[in-house]
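# Architecture and fold: a report
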Amino acid sequence: MEPILSLKNVCSYYDKVQVLYDINVDVYPGEIVSVIGANGAGKSTMMKTIMGLVHMGRGEVTFDGKKLNRMHAHKICKAGIAYVPEGREVFPNMTVLENLEMGAYCRSYTAAQMNEKLEEMYTMFPRLKERLKQKAGSMSGGEQQMLAMGRALMSNPKLLMLDEPSMGLAPILVEQIFDIIQDLNRKGSTILLVEQNAQMALSVAHRGYVMETGKIVATGSGAELIESPEIKRAYLGG
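First, a word on scope: everything that follows refers to the structure included in this document. For clarity, every value in this text was computed on a predicted model and none was experimentally measured.

## Thoughts on helix 4 (residues 111-124)
Here helix 4 is 14 residues long and its end C-alpha atoms lie 20 Å apart, about the 20 Å a rise of 1.5 Å per residue gives. Looking only at helix 4, the buried set comprises Lys117, Leu118, Met121, Tyr122 and Met124. Buried residues of helix 4, seen end-on, are gathered within an arc of 165 degrees and therefore sit on one face of the element. The outward face of helix 4, more than 90 degrees from its buried face, is lined by the exposed residues Ala112, Glu116 and Thr123. Along its buried surface, helix 4 packs onto helix 3 (96-102), helix 5 (126-130), helix 6 (141-153) and helix 7 (171-186).

## Focus on the environment of Pro92
Relative to the elements of secondary structure, Pro92 occurs in the loop between strand 6 (81-84) and helix 3. Judged by relative accessible area, Pro92 falls into the partly exposed class, the value being 44%. Residues Pro92 and Lys67, spaced 25 residues apart in sequence, show a C-alpha to C-alpha distance of 34 Å. When sequence neighbours within four positions are dropped, the list of residues in contact with Pro92 reads Lys135, Ala136 and Gly137.

## Looking at the environment of Gly80
Relative to the assigned elements, Gly80 resides in the loop between helix 2 (73-79) and strand 6. Take Gly80: its relative accessible area is 1%, and that puts it in the buried class. For Gly80 and Glu120, which are 40 residues apart along the polypeptide, the C-alpha to C-alpha distance reads 18 Å. If we ignore the near neighbours within four places in the chain, the residues touching Gly80 are Phe63, Arg107, Pro157, Lys158 and Leu159.

Calculation notes
- Residues numbered from 1 in each chain as written.
- Predicted model: local features only at pLDDT ≥ 70, side-chain atom pairs only at ≥ 80, totals over all residues.
- Heavy atoms only, no water.
- Helix = DSSP H or I, 4+ residues; strand = E, 2+ residues; numbered from the N terminus.
- Expected span 1.5 Å × (residues − 1).
- Buried < 20%, exposed > 50% of the residue type's maximum accessible area, 1.4 Å probe, protein only.
- Arc of directions from axis to C-beta.
- Contact = heavy atoms within 4.5 Å.

Spelled out as structure tokens, the structure:
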């Protein structure tokens, strides 16, 4: 089986400052792949590089057989990648319904298809249906995270990329979000997850990568990484 997403020797830069060094990551269809690492390790930069939001100086990103190098973000979205950025970034002055509708901007849905997709989101995130006319900015952090995920899923992606979905959430909400991630995966979604909460990220992952200072320093199955003494010491408080 070929990976649906592949990064080969990817080097990225902010202006002239190099941030990623020869990153090699593969994501196969149907997987949850978690990337863990300390704050500032380069995890979010990797996500933004895939989406064409950060300059890639060298290397190659391929998705579903297409090369993404120098492709604009809206075309990458149209190709089938949905990205939920760190901090959620919902449209605060728009309603929940308007946010969800914005998620479908790169798809040419008929009215019936749009309604069907919205109903899908209401089933997955019942709280959103209760809040349809509420301004997104007035919702709790957990509700905003659900909205950001729902908005991303409105584009019917082949790959869902989640950047720090647990950030700023109470432990009970973190568990709820990770339950949703697993449920999405069971229903067929392929997920690339970047997380500082290493225990949660690796516990749901088929495979994981560890980043330090812009480099991949370890890889393995989620179970292998959780049991690794080095990973336990550095990231799991063991």
